[in-house]
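# Architecture at a glance
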Amino acid sequence: MAMTASSRAPQGAGSQESERSPFARLTELLAPYQPAKPLITLSLGEPQHPLPAFVGPVIAKHIADFGRYPIAKGIEPFRRAAAAWLSTRFKLPRAIDPETELLVLNGSREGLFFAALTAARYVGERKGRPAILIPNPFYPAYAAGARAAGCEAIYLPTTLANGFLPDLEALEDATLARTVAIYIASPANPQGAVATPGYFSRLKQLADRFGFMILSDECYSEIYTREAPGSMLECAGPDFTNAVAFQSLSKRSNLPGMRVGFAAGDKKFLGMFHELRNVAAPQVPVPLQHVAVAAYGDEAHVEENRRLYRIKFDLADQILGNRYGYVRPAGGFCVWLDVSERGGDEATAVKLYRDAGVRVVPGSYLARQQADGSNPGAGYIRLALVADSETTAEALHRLVEILD
């Protein structure tokens, strides 16, 4: 079915509610209750594996650099290291130019937000009201960026029926003709779906035909238990035209509090992106960029990270089995469970918190209601397997005990 005006989010109180942080909404939902068992939090996707051993020594070595302002584009050693990692990790059409095709970010979130503002200016006049396409469920920064850019957010439902990725063939030409950008997350948050090269190539064809930007959120690309996910940049052509990939060390290197990532791709877009970030975005402290240099030069800690997640997904395979529609995700560290036959996502979240001491996020809080009244996240709960394996196993056993 074609994506029409009926697929857009309705305006009003419901829309405003869904623009709030899902974690703030969860806190309010659970406020009247007390957990019957010691609390295990699976709601927040905050990695809890050990920090890499090199972090402290590198910061200590460069601690004097906290005494000067960082440049917005990033220090040269960082840009070289990140570009080299990209070329090693992915099968790119050619090597990324660290001087013109890569910028440091204060974590991928702020980059994804500011990219929407840049896209609205960069792409220019559209045939109708400018729009930004967003997978639904989605990372909240996408919608915040679209709103700040003055663009209409068009939500593309990602469901089991379409492999938890936006159905590109359902998009009408009239919609694409007024699109300034599309956000795509691979691996997807929350479902863990991974885009194939064919999917990325089709997206690139549409972007080139209609002249919009692809903002590819790849912050989970290094968390997988079987096959390594690819990158939009692999299918973006020799000049990476109309495509920018966003990366972060939060998940890859267990450094969520360090706030270091990068954007890479279309140099013309990144030139304008740099201009905006140079006056408006948070800069990245130089000592932390040196930590990132060490991180991108070391794969041992990343493989250890994956090994720990692999153990936890093995536990999920054993404990959950085929319950609640569980399928081991292709990427990321989240589990997306169908609880529609157990009272729905909000009721299940309350029950698990109150009776099992397990905190999870209702799927409807991670999505936006479509105009037809449906919510692609409704009936699901998201679990982030970020705790140690023993704690994860305990939480999963409690979940099964309560829900079965």
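Values in this document were obtained by computation on a predicted structure and should not be read as measured data. (Residues numbered from 1 in each chain as written. Predicted model: local features only at pLDDT ≥ 70, side-chain atom pairs only at ≥ 80, totals over all residues. Heavy atoms only, no water.)

Time to look at the packing of helix 5 (residues 108-123) against helix 6 (residues 140-148). Two numbers describe how helix 5 lies on helix 6: the axes approach to 7 Å, and their chain directions differ by 30 degrees. The orientation of helix 5 relative to helix 6 falls into the category roughly parallel. At the point where helix 5 passes helix 6, the crossing takes the right-handed sense. Two secondary-structure elements touch here, helix 5 through Arg109, Leu112, Phe113, Ala116 and Leu117 and helix 6 through Ala141, Tyr142, Ala144, Gly145, Ala146 and Ala148. Counted by class, the contact of helix 5 with helix 6 contains 9 nonpolar, 1 polar and 1 charged residues. (Axes fitted to C-alpha atoms, helices over the stretch in contact; angles between N-to-C directions. Helix = DSSP H or I, 4+ residues; strand = E, 2+ residues; numbered from the N terminus. Parallel < 35°, antiparallel > 145°, perpendicular 65-115°, else oblique. Left-handed = near helix turned anticlockwise from the far one by under 90°. Contact = heavy atoms within 4.5 Å. Nonpolar A, V, L, I, M, F, W, Y, C, P; charged D, E, K, R; others polar.)

Spatially, 9-12-11 is the arrangement adopted by the 3 strands of the open sheet, whose pairing is antiparallel. Of all the strands in the sheet, the pair left with one neighbour each is strand 9 (334-338) and strand 11 (361-362). The pairing of strand 9 with strand 12 (residues 380-384) spans 5 bridges and is antiparallel. Across the sheet, residue Cys334 finds its bridge partner in strand 12, namely Ala384. (Pairing = 2+ DSSP bridges.)

What follows is about the pattern of salt bridges. Proximity of charged atoms lets side chains of opposite charge pair with each other. Evaluated as defined, the whole model comprises 25 salt bridges. Across the pair Arg20 and Glu28 runs a salt bridge whose closest N-O atoms are separated by 2.8 Å. In this structure, Glu303 engages Arg310 in a salt bridge whose closest nitrogen and oxygen atoms are separated by 3.4 Å. Each of Arg89, Glu222, Glu303, Arg306 and Arg310 takes part in one network of salt bridges that share partners. (Salt bridge = Lys/Arg side-chain N within 4 Å of Asp/Glu carboxyl O.)

Okay, helix 4 (residues 76-89) next. For helix 4, with 14 residues, the first-to-last C-alpha span of 20 Å sits near the 20 Å given by 1.5 Å per residue. The inward-facing, buried residues of helix 4 contact strand 2 (102-105), strand 7 (243-248), helix 9 (249-252), strand 8 (261-265) and helix 11 (286-296). (Expected span 1.5 Å × (residues − 1).)

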